[in-house]
Amino acid sequence: MASSKSLMNLLTFTFGSAIGFFISYLLFSIILEEEVKIQPHILHNDPHGQHSADSDNNQLQGQMNFNADSGQHKDENKNIAEGLYQKVKILCWVMTGPQNLEKKAKHVKATWAQRCNKILFMSSEENKDFPTVGLETKEGRDQLYWKTIKAFQYVYDHYLDDADWFMKADDDTYVILDNLRWLLSKYSPEQPIYFGRRFKPYVKQGYMSGGAGYVLSKEALKRFVAAFKTNKCSHSSSIEDLALGKCMEIINVEAGDSRDTSGRETFHPFVPEHHLIRGYLPKTFWYWNYNYYPAVEGPGCCSDLAVSFHYVDSVTMYHLEYLIYHLRPYGYLYRYNPDLPKNPEEQSKDEALEDNQKLKQKITEN
């Protein structure tokens, strides 16, 4: 009888332990799975590789209208921005695909794309409802340069006279068009030049990062399209930004300096936190060896007139829209205007110092 009772106790203990281990396993699996899901923007040490932001994590299902409260800003003086909108006309085309229209492209359409003079979404297939232009290519990273070539050819054939500058961006790029117009206003669209985040390997004059976006002058667009008709350029590589950069150098299109008047970068290949937080990008990361100009980490990384950020998921797309176009600190006038001359008081001080130096020099000479 005692033996039966001991056996029963042993079986009960064994069964209870098995159930306990099984429940613990399930709990740990769920916790670990959630930790993996919330890891933000895992970076891979390959400038042309796939990024974690290409996954489905952190994607919004709906679309938001951030301009619904535009009445809040009715007293804001936008004369300069509105003047540049008419003077510096930019056609934007966004690289996307059928699988990304709902996940990414529609959030671009709801935010920064509204400030382009003309916006086109380029895909492998036509979608009349969205709408997208069908380039009749396959999808995949190895098709990016084909899509780029065909997209610029389409723009040249149909919209050459509708804009002065032609911007290519990805469907996970956020672009501040007002700042881009300021940058481009210093140049003529008849000049063979293009701008973006300038990288240095493989091309003597450098080339522009594809993810940060790049913008071609009208003359640069004409030369790029003509180069494929005359075989000066060809589809030599599937690496879109590098291949385009090599072509630009062949056809004598200048790689322009897109930094602001303080020497800070305006086009950014990552989301703001990767540039702003010191130590976020390890020094072994490819980024540090690719920059044409010395790269800065921390607050000095980025211009107050930043033009673009890349790997922006749908949630961050609206974060940036709010922070850039809606948030205002009370009681402050804008603190950085590179086009303003020095105020009279500063100017008179500088002139007085200069006159004083000249006077001292004359006394010494005499």
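Residues numbered from 1 in each chain as written. Predicted model: local features only at pLDDT ≥ 70, side-chain atom pairs only at ≥ 80, totals over all residues. Heavy atoms only, no water.

> I'd like to hear about the sheet that holds strand β9 (residues 214–217), residue by residue, with values.
Spatial strand order, β3-β2-β1-β4-β9-β6-β10: seven strands in an open sheet with mixed pairing. Looking at strand neighbours, the two that pair on one side only are β3 (133–134) and β10 (254–255), the edges of this open sheet. Here strand β1 (residues 90–95) runs beside strand β4 (residues 165–170); their pairing, made up of six bridges, is parallel. Note on β4: the bridge partner recorded for Met 95 is Asp 170. Most of the contacts of helix α4 (residues 144–159) go to β1, to which it runs at about 150°, and overall it touches β1, β2 (118–123), β3, β4 and β9. (Pairing = 2+ DSSP bridges. Helix = DSSP H or I, 4+ residues; strand = E, 2+ residues; numbered from the N terminus. Contact = heavy atoms within 4.5 Å. Axes fitted to C-alpha atoms, helices over the stretch in contact; angles between N-to-C directions.)

> Which residues make up the state of the cysteines, and what values go with them?
As used in these notes, a disulfide is a covalent bond between sulfur atoms, one from each of two cysteines. What the rule picks out here adds up to three disulfides. Put simply, Cys 233 and Cys 247 are joined by a disulfide, and their sulfur atoms are 2.1 Å apart. Judged by the sign of its S-S torsion, about 100°, the cystine formed by Cys 233 and Cys 247 is right-handed. Of this pair, Cys 233 sits in the loop between α6 (218–229) and α7 (240–250) while Cys 247 sits in helix α7, and the two are 14 residues apart along the sequence. (Disulfide = S-S within 2.5 Å.)

> Would you mind going over the packing of helix α3 (residues 101–110) against helix α10 (residues 314–325) in detail, with residue names and values included?
Put simply, α3 and α10 touch, their axes get as near as 9 Å, and they point 10° apart. Between α3 and α10, the interaxial angle falls into the category roughly parallel. In this structure, α3 contributes Lys 103, His 107, Val 108 and Ala 110 to the contact, and α10 contributes Ser 314, Met 317 and Tyr 318. Here the contact of α3 with α10 is composed, by residue class, of four nonpolar, two polar and one charged. (Parallel < 35°, antiparallel > 145°, perpendicular 65-115°, else oblique. Nonpolar A, V, L, I, M, F, W, Y, C, P; charged D, E, K, R; others polar.)

> Describe the packing of aromatic side chains, with residues and values.
Evaluation of the coordinates by the stated rule reveals 21 aromatic pairs. Plain terms: the ring middles of Trp 93 and Phe 152 are 5.3 Å apart, the flat faces sit at 90° to each other, and that makes the pair edge-to-face. Here Trp 93 is found in strand β1, whereas its partner Phe 152 is found in helix α4, with 59 residues between them in sequence. Look at Trp 93 and you get buried, because its relative accessible area is 0%. With relative accessibility at 0%, the residue Phe 152 sits in the buried group. Put simply, the rings of Phe 199, Tyr 202, Tyr 207, Phe 270, Phe 285, Trp 286, Tyr 287, Trp 288, Tyr 290 and Tyr 311 touch in pairs and so form one group of aromatic residues. Residue placement shows Arg 115 over the ring face of Tyr 325; its charged tip is 3.5 Å from the ring centre. When the ring centre of Trp 288 is taken as reference, the NZ or CZ atom of Lys 283 above it lies at 3.7 Å. (Phe/Tyr/Trp six-rings, centres within 6.5 Å; stacked < 30°, edge-to-face > 60°. Buried < 20%, exposed > 50% of the residue type's maximum accessible area, 1.4 Å probe, protein only. Lys NZ or Arg CZ within 6 Å of the ring centre and 35° of its normal.)

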